[in-house]
Amino acid sequence: MKKGQIIEGIVKRVDFPNKGIVETEDGVCVVKNALPGQKVQCAVNKVRKGKAEGRLLAVLAPSESECGSPCPHFGICGGCTYLSLPYEEQLKIKEMQVKKLLDGVLDRQSAWQFEGIKASPECFGYRNKMEFSFGDEVKDGPLALGMHRRGSFYDIVSVMDCRIVDEDYRSILRCVRDYFAGLQEQGVDIRFYHRLRHIGYLRHLLVRKASRTGEILIALVTTTQEPGGIKCDEAGQDIPKTDMPEQEILDGLKDVLLSLPLGGKIVGILHTRNDAVADVVQSDETRILYGQDFFYEELLGLKFKISQFSFFQTNSRGAEVLYETAREYIAGFVRSNGKIVYDLYSGTGTIAQLMAPVAKKVIGVEIVEEAVEAARKNAELNGLHNCEFIAGDVLKVLDGIEEKPDIIILDPPRDGIHPKALDKIIRYGVEHILYISCKPTSLARDLGVFQERGYEVERAVAVDQFPWTANVESIVLLSKLKSNKLKHINMELEMDE
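From a predicted model like this one, the values you see are computed outputs, not experimental measurements. (Residues numbered from 1 in each chain as written. Predicted model: local features only at pLDDT ≥ 70, side-chain atom pairs only at ≥ 80, totals over all residues. Heavy atoms only, no water.)

Participant: I'd like a rundown of a positive patch on the surface, residues and numbers included.
Facilitator: Taken together, K19, K32, R48, K49 and K51 make up a surface patch of like positive charges. Of the residues examined, K51 reaches a relative accessible area of 65% and is grouped as exposed. (Patch = residues over 30% accessible without salt bridge, like charges linked within 9 Å, V, L, I, M, F, W, Y side chains within 5 Å. Areas by Shrake-Rupley, 256 points an atom, 1.4 Å probe, with all protein chains shown as cover. Salt bridge = Lys/Arg side-chain N within 4 Å of Asp/Glu carboxyl O. Lys, Arg positive; Asp, Glu negative; His and termini not counted. Charge placed at Lys NZ, Arg CZ, Asp CG, Glu CD. Buried < 20%, exposed > 50% of the residue type's maximum accessible area, 1.4 Å probe, protein only.)

Right, dumping it as structure tokens:
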């Protein structure tokens, strides 16, 4: 194959993450956003060391498994990948992806148990958090509020009929978009933040809704640039505009949101200012327009106080499956004789609190200070007094903890564990380690290190936390090898080298 060549072929499989393996007469090409069994047309973008990568141009024939998408935005919005497949087919793809990655790194192990994939209890309307962006669908088009168009950094699709959220999200999204579009029609010069020119006011809309309690928290994210200024036509002539103070704009938004007939209950409306150049949702300053700056969610009998930026699994019902499985994998080891458990990369302390009733003590380490503060409050809220949460980088914090662990639980960010932190974790020499991962390629890389340093996988399972997307969670239980078995493996490694 050559760069620029147009090719046609059949998608043999899809590897994680979203890598369609297309077989053609000229060889194999990797393309994104294709489904197994499709006949596709691609443009080759890159050829390196005999491996080709391409861009999907068209689906010439669907796969036999495709049954049509229930969402009108599918294929345009960049959010979902597998929405045109039956849910069972999507589960098979993700199960195969995780198993293939684990097989690749655990080939030295003679015995380990892969337990397939666990489905999400809800595959539609499951998300408890969405970050929508302001923009336009085409250059200089009308105001849009929604998700990025597939393959585009700039274009925004107003996803008014998104299926991975419930009707409350769709009502709030429609209300906010229509409110600001209506102000523009009245002559109020209120613009979205332009990502190239760094000019504009409206940036994001953050919506969080608890699955169990139904409480809703809404945050409008803007720049500190005043809405207004001189409005001009294409010839550069001033257009009469209506001046409206920012507070009046925000009060109007609050009023229309509170008048919405929703299934859940709005407990807080926030105005967050963010002047970062990067297209990220963060806060330089947050003001409460209505109610409070947090909401409550319930998970496996525990109560959690969650703020606008608190880390919390985005699929509450799926999180219960994930954490119940994690607890089942390791609770028996924790319960015996009362163990000290390290929960590293602990977030808001969900796993730590689930382990606390059967542990002597749980020590959580998390780099995000806000999450640590939330974890402490949540443990207090749930009457758990044997949890300690430390704010800091795992790599730096471990050396300062006097109490040594009996068991370690790991739930790192997508990129996995820093090599130096991984070395420190392994040096504790604990009998059992539980690794929860949201990116199986990072998991496979880290498992290779664990294997070389004297650990083997006992059990592994995939959990579908993110139906219709290319993402999947995995849980792995690692156990320390006995000395004679470790010696044998080390001898094999030396011979291979």
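On we go from here.
Participant: Which residues make up helix α9 (residues 440-452), and what values do they have?
Facilitator: The end-to-end C-alpha separation of α9 is 18 Å, in line with the 18 Å expected for 13 residues at 1.5 Å each. Buried positions along α9 lie against α1 (87-105), β19 (407-410), α8 (419-427), β20 (432-437), β21 (455-463) and β22 (473-480). Of the residues one or two after α9, G454 is the one with positive phi, at around 105 degrees. (Helix = DSSP H or I, 4+ residues; strand = E, 2+ residues; numbered from the N terminus. Expected span 1.5 Å × (residues − 1). Contact = heavy atoms within 4.5 Å.)

Participant: Which residues make up the side chain of S133, and what values go with them?
Facilitator: Tracing the chain through its elements places S133 in strand β7 (residues 129-136). A relative accessible area of 6% means that S133 is categorised as buried. When sequence neighbours within four positions are dropped, the list of residues in contact with S133 reads A144, L145, G146, H148, I156, R195, R203 and H204.

Participant: Outline the packing of aromatic side chains, supporting the account with residue identities and numerical values.
Facilitator: This structure, assessed with the given rule, holds 11 aromatic pairs. Here F134 and F180 contribute two aromatic rings whose centre-to-centre distance is 5.9 Å and whose plane-to-plane angle is 85 degrees, an arrangement assigned as edge-to-face. With a gap of 46 residues between them, F134 in strand β7 and F180 in helix α2 (residues 167-185) connect regions that are remote in the sequence. In this structure F180 comes out as buried when scored by relative accessible area, which is 0%. (Phe/Tyr/Trp six-rings, centres within 6.5 Å; stacked < 30°, edge-to-face > 60°.)

Participant: Provide a residue-level description of a nonpolar patch on the surface, including the pertinent values.
Facilitator: Together, F153, Y154 and L196 give the surface a local cluster of nonpolar side chains, amounting to about 320 Å² of exposed area. Residue placement: L196 occurs in the loop between α2 and β10 (202-209).

Participant: Break down the packing of α2 against helix α3 (residues 246-258) for me, citing the residues and quoting the values.
Facilitator: For the pair α2 and α3, the least separation of the axes is 10 Å and the interaxial angle reads 145 degrees. Considering how the two elements wind past one another, α2 and α3 form a crossing that is right-handed. Of the residues in α3, those touching α2 at I172, C175, V176, Y179, F180 and L183 are E248, I249, G252, L253, V256 and L257. Class assignment for the residues of the contact of α2 with α3 results in 10 nonpolar, one polar and one charged. (Axes fitted to C-alpha atoms, helices over the stretch in contact; angles between N-to-C directions. Left-handed = near helix turned anticlockwise from the far one by under 90°. Nonpolar A, V, L, I, M, F, W, Y, C, P; charged D, E, K, R; others polar.)

Participant: Summarise the sheet that holds β19; cite the residues concerned and give the values.
Facilitator: Read across the sheet, eight strands follow the order β6-β21-β22-β20-β19-β16-β17-β18 without closing on themselves; strand pairing throughout is mixed. Edge strands, defined here as strands with exactly one partner in the open sheet, are β6 (113-118) and β18 (387-391). Sheet twist, expressed as the mean angle between neighbouring strand axes with direction ignored, is 15 degrees. Strand direction decides the pairing type here: β21 and β22, joined by eight bridges, are antiparallel. Note on β22: the bridge partner recorded for V457 is L478. Each of β19, β20, β21 and β22 is contacted by α9, which is oriented at about 160 degrees to β20, the strand it contacts most. (Pairing = 2+ DSSP bridges.)

Participant: Break down the sheet that holds strand β11 (residues 215-222) for me, with residues and values.
Facilitator: Reading across from one edge, β9-β8-β7-β10-β11-β12-β13 is the order of the seven strands in this open sheet, with mixed pairing throughout. Looking at which strands have only one partner, the edges of the open sheet turn out to be β9 (156-157) and β13 (285-291). Sheet topology places β11 next to strand β12 (residues 265-273); eight bridges connect them, and they run parallel. For I216, the partnering residue across the bridge sits in β12 and is I266. Running over the sheet, α3 touches β11, β12 and β13 and is turned about 160 degrees from β12.

Participant: Mind laying out α3, listing which residues take part and the relevant values?
Facilitator: Helix length check: α3, at 13 residues, gives a terminal C-alpha distance of 19 Å against a target of 18 Å (1.5 Å per residue), a fit within 8%. Taken as a whole, α3 has its buried residues at E246, I249, L250, G252, L253, K254 and L257. Structurally, α3 contributes buried residues whose contacts are with α2, β11, β12 and β13.

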